[in-house]
Amino acid sequence: MKRIIVIAILSIVVLNACTTRLTVRKATDSTPGIRYYLPRPVLVAKPQTDGSVLFTMEYLPDTSQEYAIEAESYVAKHKLRVETEASGILKKVQWNPTSTEVASQLASSIGEAAKAELTRRDAEETAEKTAADAKKKTVEDAKAAVQKLRDELAALDAKIAALESFNKDATEAKVERAVTAVKLQIAIDHLGEVISTNTVGGAGNVAASKAAAEEKKKKVEAATAEVDASTSSLKTIGAKIAGLESLKSDTAAATAERVTATARLKKALENLDLLTRNKPAFDQAWAPVLFVIKEGVNAQNKPTVYFQAVNEQQQLGTSKKPEAKAAPVNVELRLKDGGVIRPAPNTNALQLIVVPRPSVHAIDASKVTVLDVANAANPKRVANAVMIATLTDANVIVVDLDSALPKGSYVLTVPFHATAKADKDSRDVPFVVER
Amino acid sequence: MKRFLASLIAFVLAGCAGMHVTKIGADTDFTSSGIRYYGSSPYIYVTTDNAGGLTPTLVYLPDPKKKMSAYLYNIVSTNDATLEFENGMLKTSEITADSAVLPKAVISALEKIAVAALARNEAKDPPNVPLPYIFKVLFDVDGMPYLIDKDGPIDAGSLGGLHATKGD
């Protein structure tokens, strides 16, 4: 008997050691556990563009009320799942002390870790391939640029030769050739640089790269000077040509050119005005105001409650003038044939002509549907009943129905926008198919 | 004796899982170890209806004066517990009970009182757009609801009748 008593007591002691405990403490920086916050309701007043104010109750985390959840097990196992909102406000606590969950959780964790490692390796391989492709493309682009300039140079040589063979002035072409030749040299240098830095084993010579960069800088400066000189030369030539041709040409081309130039000047002046005028370029709109709830007691120790604004209302710049939403338009859809349609005698086609009053801006043709309402208690959508729906230029909605649509009662639903700025709306139009 | 021991073990095993919920204050917040959450209380906030009138809205908000602590424990037992919260408030019968305390007719009357009380205050110095105003619904010892605002409890009897939310 004594043995039984000892075993019983030991059992109780051992079993009592199998404890799982969920502890929630007021959080400090060093408190272990999953954090959550208690909510602080805030009334948000949002001024709308139409002059009204929209009020919404939002729940923000009260950072002064932060807690940490932690579970501990002694000779036992548990599963703790804590879900919070994005704001950190507590959403769900699931606590399942169990002996099997740890093993399955462990397996799951190993699986997740393996999956994460594979994903990481895939990402690394993809990144390496992308980088290699980019290097390859850079070299190819540089080669293509060199080839293009070589082709241009060859074309200019041919042009100069042709002009000179006919004793024509080739100055302009020669200037262009000089500029292109400089560009080609720069492109060749760039190609060399690109090849040395984008191929394996070619990136080591830093000093050479630096010298090449210096050389390139000098060439760019020389090329820029050459371009400026060429431009000036071209302008002189242009003036000379204009002077010579003015004797034999009419003023039509010059007039057209002046119109274009005037428009360009006007736009430039407008831009300049926008940049330099003192008043703000854009209108402003009122910002929201947040109200928190304050509770306390009055002088008679009676409870009180009130809203307290937490911010002064500001005006914010907008990208465009605030506009009120378009007033809703009450659109009515009418069937041209009084709601009863029959198949066309020759083609067997079934067509509905719907007339909107007033007119509509657009219809959502892909969302036009037909509902079978023969059984009023259980209406059913008819799949593929609408072949095509179109809003014509005359503002009439033409709906071609499946010619096999059986005899019966239906409802056509047409989604539309009454105006360009109006929200999407829809109307139901009952109709009957007779055969 | 065997029967006694079996009963003892059964007692120990059966009584070792559960949840204790207690209301806590600032003094016990640091020593309590349960899941903290706020109980809810009914409030009425009144805002402009953007058409010259006022709109009262009854909401159940987390009440800082009802901070609760739910302590879950488990000794030699299984205790599958799930607590779900909405906006930080426990979704339990507590909210339902509060709703039951305020039948529709009472809510309607309280909303009218709130609007009338606000109209009385705002008439003195009406702003361009009325600021939002909040009332809390409390219950007296007899379970009768009454409203409090920034000045304290509202004496509904002194209002001298109800005002419409919009003038004629």
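On a predicted model such as this, the values are computed, not experimentally measured, just so you know.

Colleague: Would you mind going over the overall build of chain A with me for this structure?
Modeller: Of the regular secondary structure elements, chain A holds 5 helices and 19 strands. Across the 435 residues that make up chain A, the buried fraction comes to 13%. Partitioning the intrachain contacts of chain A with sequence separation of at least 6 by distance along the chain shows that 64% fall at a separation of at least 24.

Colleague: Mind showing me how you'd approach the overall build of chain B here?
Modeller: A tally of helices and strands in chain B yields 3 helices and 8 strands. Ordered by position in the sequence, the α and β elements of chain B form the string α-β-β-β-β-β-α-α-β-β-β. Classification of the 168 residues of chain B by burial places 29% in the buried group. In chain B, of all internal contacts separated by at least 6 residues, the share reaching a separation of at least 24 is 72%.

Colleague: Teacher, can you tell me more about the confidence of the model for chain A here?
Modeller: In low-pLDDT regions, the fine details of the predicted coordinates are not to be read closely. Residue and element names in this part refer to chain A. For chain A, the mean per-residue pLDDT works out to 77, and 69% of the residues sit at or above 70. The low-confidence segment residues 12-17 (pLDDT under 50) makes 9 contacts with residues lying over four places distant or belonging to another chain. Here residues 200-205 is a poorly scored stretch, pLDDT under 50, and it has 6 contacts once near neighbours within four places are set aside; other chains count.

Colleague: Looking at this model, I keep getting lost on the pairing of strand 14 (residues 369-372) of chain A. Mind explaining?
Modeller: A regular strand places its side chains on the two faces of the sheet in alternate fashion. Residue and element names in this part refer to chain A. Examined bridge by bridge, strand 14 and strand 18 (residues 408-417) share 4 bridges and lie antiparallel to one another. Each bridged residue has a counterpart across the sheet, and for leucine 371 the counterpart in strand 18 is valine 411. Sheet topology places strand 14 next to strand 15 (residues 380-381); 2 bridges connect them, and they run antiparallel. Counted as the bridge partner of leucine 371 is arginine 381 from strand 15.

Colleague: Which parts of the structure should I look at to understand the pairing of strand 6 (residues 133-139) of chain B?
Modeller: All names here are of chain B. Across the 7 residues that make up strand 6, a large majority, 5, are buried. The pairing of strand 2 (residues 35-48) with strand 6 spans 4 bridges and is antiparallel. By the bridge assignment, valine 46 is partnered in strand 6 with tyrosine 133. Of the strand pairs in this sheet, strand 6 and strand 7 (residues 145-149) are connected by 4 bridges, and their pairing is antiparallel. Bridge pairing links phenylalanine 139 to proline 145 in strand 7. Linking two consecutive strands that pair antiparallel, namely strand 6 and strand 7, is a turn of 5 residues; a positive phi of about 85 degrees is found at glycine 143 within it.

Colleague: Which parts of the structure should I look at to understand the environment of A:Ala287?
Modeller: Residue and element names in this part refer to chain A. As for its placement among the helices and strands, alanine 287 is situated in the loop between strand 6 (284-286) and strand 7 (289-297). Once the C-alpha coordinates of alanine 287 and glutamate 312 are considered, the two residues, 25 residues apart in sequence, prove to be 9.2 Å apart. Setting aside chain neighbours within four positions, we find alanine 287 in contact with Gln313, Gln314, Gln315 and Leu316.

Colleague: What exactly am I supposed to notice about the sheet that holds strand 16 (residues 386-391) of chain A here?
Modeller: Pairing between the strands of a sheet is mediated by backbone hydrogen bonds and can be parallel or antiparallel. Residues and elements named next belong to chain A. If you trace the 4 strands from one edge of the open sheet to the other, you get 10-12-17-16, paired in antiparallel fashion. Looking at strand neighbours, the two that pair on one side only are strand 10 (332-335) and strand 16, the edges of this open sheet. The sheet shows a mean angle of 25 degrees between the axes of neighbouring strands, taken without regard to direction. The pairing of strand 12 (residues 350-357) with strand 17 (residues 397-401) spans 5 bridges and is antiparallel. Looking across to strand 17, one finds that leucine 350 is bridged to leucine 401.

Colleague: Help me out: how do you make sense of the nonpolar core in this one?
Modeller: Within the largest apolar cluster, 24 residues are counted, with the highest numbers of intra-cluster contacts made by B:Ile44, B:Ala114, B:Ile134 and B:Phe135. For this core, the secondary-structure elements that each account for two or more residues are strand 2 (34-47), strand 7 and strand 8 (303-309) of chain A together with strand 2, strand 3 (54-75), helix 3 (104-122), strand 6 and strand 7 of chain B. Here the element with the most residues in this core is helix 3 of chain B; it accounts for 5 residues. Setting aside anything within four residues of it in sequence, one finds B:Ile134 in contact with A:Ile293, A:Val305, A:Tyr306, A:Phe307, B:Tyr43 and B:Tyr45. In this structure, A:Leu80, A:Val93, B:Tyr37 and B:Phe85 belong to the second largest nonpolar core, which totals 23 residues.

The rules behind each value
- Residues numbered from 1 in each chain as written.
- Chains lettered and ligands numbered in written order.
- Predicted model: local features only at pLDDT ≥ 70, side-chain atom pairs only at ≥ 80, totals over all residues.
- Helix = DSSP H or I, 4+ residues; strand = E, 2+ residues; numbered from the N terminus.
- Buried ≥ 20, exposed ≤ 12 C-beta atoms within 10 Å, placed from the backbone.
- Contact = placed C-beta atoms within 7 Å.
- pLDDT = per-residue confidence, 0-100.
- Pairing = 2+ DSSP bridges.
- Axes fitted to C-alpha atoms, helices over the stretch in contact; angles between N-to-C directions.
- Core = buried A, V, L, I, M, F, W, Y, C linked by C-beta atoms within 7 Å.

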